[in-house]
Amino acid sequence: MANPLLCRVVWLVSLVILGLVGTKSAAAFRTAAPRPSAGTSSACMSSAFTTSSFDESVESKEQPLQRRVEVEEKFARLPVWPVWQGVILFFAGKLLGETVAAEWEDRIGGRVCPNFFSSSSVVTDTIYGGTSPFVLLVHHRHAFMNWDPLRFLQKSFFPEGFPSHPHRGFVTVTYCLSGGMLHRDSMGIKQAYGAEQRHGGNHVQWLNTGSGMQHEEMWDVFEPDEKDEGSLLQTSSQELYQIWLNVPSSQKMTSPKAHLLQKYGVKDESDKLPPPYSTPIITECGVTTTVVCGDHNGIRAPWDIPTDAAILRVELTKGATWEHSMPASHKTAIIYVKSGFIEIEGDRIAPHHTAYLTQDGQTLTVRACDDSADILLLSGAPILEPVYSQGSMVMNSKSEIQKAYQDYQSGYMGVPWDYKLTDEEWQEHIKRYPSMY
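Residues numbered from 1 in each chain as written. Predicted model: local features only at pLDDT ≥ 70, side-chain atom pairs only at ≥ 80, totals over all residues. Heavy atoms only, no water.

Focus: the overall build of the chain
Logical step 1: The number of helices and strands found in the chain is 6 helices and 26 strands.
Logical step 2: Counting only residues that meet the buried cut, the chain has 54% of its 437 residues in that class.
Logical step 3: Restricting the contact set of the chain to residue pairs at least 6 apart, pairs at least 24 apart contribute 75%.
Logical step 4: Total accessible area on the chain is roughly 19,000 Å²; 56% of this is exposed by carbon and sulfur atoms. (Helix = DSSP H or I, 4+ residues; strand = E, 2+ residues; numbered from the N terminus. Buried < 20%, exposed > 50% of the residue type's maximum accessible area, 1.4 Å probe, protein only. Contact = heavy atoms within 4.5 Å. Areas by Shrake-Rupley, 256 points an atom, 1.4 Å probe, with all protein chains shown as cover.)

Here you go:
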């Protein structure tokens, strides 16, 4: 059995890295002044993937209202994996500018950026959560190098990943862009997923924590980047998003479940029924859209989720324009810019900035400015219930949070295990200390 004190210390440190305890930089405010929506259309925007119709014969027909940028924020980026590269990126940002630091981070890694919305300085709804149903977005970009002596020193006291820790009352969505993760949980499930060929296309984990569970997520660093295969100096590049998605109170105490979602390339306009538990990937006119959940202009991720929400990754080539039909119920709409500069209705958004969009508007139009761009769109219908989050639990009240931690400490979610356990030892552990959920 793992040392309980050591497990708790490692868990708390992991939460810091995850972004539950973090600082953020001052926010930059931008209010989009009302302006006429752009009336131009292109062959790309009227392609078979776009379900909104435009009758060119009726010139007086009004165009859909556009979503605009209401306010913008930049969260702090913390140095880790490896720390020394993250420190270099920090000083690069101060000396050479944040744009240069963002480009370097995209290439070499070394930082994590927690967008912890409940502590946002620009979102002020403390009852329902101004970004409901989204609680947290974390962007990880790391590099594990076999020639880095500091890495092996750090490994002696700080694990490469997130050892077993508890959750209750929400969904975690872990979306791998490069590298991958190794998952084990208190239900006895082991999963390997990621963006590399060895992961078989399983690049997203959808984990409904329900009434309570424990899991560990460790970086899959056992194989190098393809470019380093056969080389003595090898790097395992890792990049992912983790999103915390709230669920209605009626869904918070359901049985926990873990699903892997597989990439699926949409072939043509007639291919509107992707296979179950897949993420449709749509490529058209210099834009690639990955639908993790929800839909993009008629192409829907083919599985049910407990919350009315959409998670879309959009990769745009230089000068490309992306148009997306926004459901009227999705009053919450957030864009995180991973790389490149984008423009939304005249507002220019820089890399590593988070933009909160206006609540009304049927269409969102994004253009890549100076170079290619890579963004994440989170949109959804607010859950009109109080939300209370603390540590690794998301419930509706402080008393429910306290009950969640009491249940965890009583062993109802199982007992934490040492991440160094073999699979056989881990299986024996969860049989000895089973979760009641």
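A look at the pairing of strand 13 (residues 278-284)
Logical step 1: In terms of residue burial, strand 13 counts as a mostly covered element, since 6 of its 7 residues are buried.
Logical step 2: By the bridge criterion, 4 bridges tie strand 12 (residues 257-265) to strand 13 in an arrangement that is parallel. When the sheet's bridge partners are listed, Gln262 is paired in strand 13 with Ser278.
Logical step 3: Where strand 13 and strand 14 (residues 287-293) come together, 4 bridges link them in antiparallel fashion. Bridging across to strand 14, Thr283 finds its partner in Thr288.
Logical step 4: Taking the residues between adjacent antiparallel strands as the criterion, strand 13 and strand 14 are bridged by 2 residues, where Cys285 takes a positive phi near 50°. (Pairing = 2+ DSSP bridges.)

Quick look at unusual backbone geometry
Logical step 1: That bond from Trp81 to Pro82 is cis: its omega, -5°, falls within 30 degrees of zero.
Logical step 2: Tracing the backbone shows Pro82 in the loop between strand 2 (78-79) and helix 2 (83-96).
Logical step 3: Here Ser132 and Pro133 are connected by a cis peptide whose omega angle stands at 10°.
Logical step 4: Its location among the elements puts Pro133 in the loop between strand 3 (111-116) and strand 4 (134-145).
Logical step 5: The phi torsion at Trp81 lies on the positive side, around 50°, for a residue other than glycine.
Logical step 6: Its place among the elements puts Trp81 in the loop between strand 2 and helix 2.
Logical step 7: Of the residues examined, Trp81 reaches a relative accessible area of 2% and is grouped as buried.
Logical step 8: One non-glycine residue, Tyr277, lies in the positive phi region at around 50°.
Logical step 9: Residue position: Tyr277 is located in the loop between strand 12 and strand 13.
Logical step 10: For Tyr277, a relative accessible area of 37% puts it in the partly exposed group.

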